[in-house]
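Coordinate inspection notes
The primary structure of each chain is shown beneath.
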Amino acid sequence: MHDIRSLRADPAAFDADLARRGLEPVAQQLVAWDEERRQAQTALQEKQTRRKALAREIGALKRTGADSAELEAEGVALRVDMEALEEAVVALERNSTALLANLPNRLDAGVPAGADENANVEQHVWGDRRVFDFTPKQHFELGETLGLMDFGTASKLSGARFVLLRGALARLERALGQFMLDLHTAEHGYTEVMVPTLVNDDAMYGTDKLPKFADQSFRTEDGRWLIPTAEVPLTASVSGDILDGATLPLRLTALSQCFRSEAGAAGRDVRGMLRQHQFEKVEMVSITTPEASEAEHERMTRCAETVLERLGIPYRRMLLCAGDTGFGAARTYDLEAWLPGQNAWREISSCSNTRDFQARRMNARFRPKAGESPVFVHTLNGSGLAVGRTLIAVMENYQNADGSITIPEALRPYMGGLEQIGG
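Residues numbered from 1 in each chain as written. Predicted model: local features only at pLDDT ≥ 70, side-chain atom pairs only at ≥ 80, totals over all residues. Heavy atoms only, no water.

Topic: the packing of helix α7 (residues 167-186) against helix α10 (residues 293-311)
In contact at an axis separation of 11 Å, α7 and α10 are set at 125 degrees when each is read in the N-to-C sense. With respect to each other, α7 and α10 are oriented oblique. At the point where α7 passes α10, the crossing takes the right-handed sense. From α7, L176, F179, M180, L183 and H184 reach across to α10, where they touch C303, T306, V307, R310 and L311. Taken together, the residues of the contact of α7 with α10 break down into 7 nonpolar, 2 polar and 1 charged. (Axes fitted to C-alpha atoms, helices over the stretch in contact; angles between N-to-C directions. Helix = DSSP H or I, 4+ residues; strand = E, 2+ residues; numbered from the N terminus. Parallel < 35°, antiparallel > 145°, perpendicular 65-115°, else oblique. Left-handed = near helix turned anticlockwise from the far one by under 90°. Contact = heavy atoms within 4.5 Å. Nonpolar A, V, L, I, M, F, W, Y, C, P; charged D, E, K, R; others polar.)

Here it is in structure tokens:
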């Protein structure tokens, strides 16, 4: 969440950060509640001290047979006052927590101004866009013509925004996930983790998915959540822990099913696989120290870029503007792959540094050295990559005039040596 001491020290700066995201100021209200809470706690402590002293005085009077009625009446009044103060403290803490839980992370000073994706800043571009001697098709046109991508049957089974892949395309998606995992574990130093796809409220809250994004996730009848990304279980795996600083950074990766309700996305990308309720993604998560998190952010983004480079997919790195940076992020790079069938750049990875925002929510800390006080870790997450969207990028960039799809060389060992689908 947010450090109330920092907010108290400079409320104007806190509100200025909110204004960059287009949000109204709240610091004055939070500071007022915090002051009331501290005053109530001080008064409560004073009355607790008086009540202890009173108990001793009453005991002394009773031992001598003296009248203690007046002091006992004072004790009753103290108990009533203390109950009221305790209720006041709880109410003020509840109000502050509810407001803070819905406030986004403070943005890095280098995040550019802007209201939406149109203000994102291109950092660099990699690869040459292929020049076709025919009109390139979109992925769903290719997949349906091959008879290997079936939206109709998926809709019959599950409704809209699902797909059924068959044969070589199903294997190609599996190959992509395995290729990404092998690259991240063998060359990038990540530890592979098999994660649950059902998590509890605490895991979702700690990774800033609750309460803000409850309507964008699926919940089971027993109160658990289908994960929107493996970021949730990977990051929440250190919740409540005090880690040994010598073990950092922790670099974790997982290939998992992901589930999103896509609330608010009606009418967007209704054709094809770009926006699905269920999809696979290889996630990267880093748990590190505050001093190392910026360098870790660059490193993580390069790991994601390497996947695209090995596959020969042209991409560009975008620094997201204030209005497009996600709720939990202080700074985000998006990687956008070139999709010739759409004649457009489309997001295929998002790599974010959340700094200590998630760590505060889930109380994840590390001890720099033996005997030193614990410090909040910094957490980072990134797609390495979204598997379905990478499948789209491969299909559209490697398509041939006859509708067949050439398999990128990096994936052929995972495809049993197959060089082409269709044709």
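Thoughts on helix α2 (residues 11-20)
Residues three or four positions apart in an α-helix share a direction because the helix packs 3.6 residues into each turn. Within the sequence span of α2, burial applies to F14, D15, D17 and L18. The buried residues of α2 occupy an angular sector of 155 degrees when projected down its axis, which confines them to one face. Looking at the buried positions of α2, the neighbouring elements they touch are α1 (4-9) and α3 (27-64). Remark: G22 follows α2 within two positions and exhibits a positive phi of approximately 80 degrees. (Buried < 20%, exposed > 50% of the residue type's maximum accessible area, 1.4 Å probe, protein only. Arc of directions from axis to C-beta.)

Concerning the sheet that holds strand β7 (residues 242-244)
As summarised here, the arrangement of the 3 strands in space is β7-β13-β14, forming an open sheet in which the pairing is mixed. Where the open sheet ends on each side, the last strands, each with one partner, are β7 and β14 (375-376). By the bridge criterion, 3 bridges tie β7 to strand β13 (residues 365-367) in an arrangement that is parallel. Bridging from a neighbouring strand, D244 pairs with R367 of β13. (Pairing = 2+ DSSP bridges.)

With respect to unusual backbone geometry
Cis geometry is found at the peptide bond from L248 to P249, where omega equals 5 degrees. Even without glycine at this site, R161 takes up a positive phi of about 65 degrees. With respect to the helices, strands and loops of the structure, R161 is situated in the loop between α6 (151-158) and β3 (164-165). Backbone geometry at R355 places phi at a positive 55 degrees, although glycine is not the residue there. Its relative accessible area of 23% is what places R355 among the partly exposed residues.

Re the packing of aromatic side chains
Going through the model one piece at a time under the given rule, you end up with 6 aromatic pairs. Between W338 and W345 the ring centres are 5.2 Å apart and the planes differ by 65 degrees, which places this aromatic pair in the edge-to-face class. Overall, the relative accessible area of 7% leaves W338 in the buried class. Cluster of aromatic residues (ring-pair linked, three or more members): F213, F327 and F357. One residue, R129, lies across the ring of W338, its end atom 4.2 Å from the ring centre. (Phe/Tyr/Trp six-rings, centres within 6.5 Å; stacked < 30°, edge-to-face > 60°. Lys NZ or Arg CZ within 6 Å of the ring centre and 35° of its normal.)

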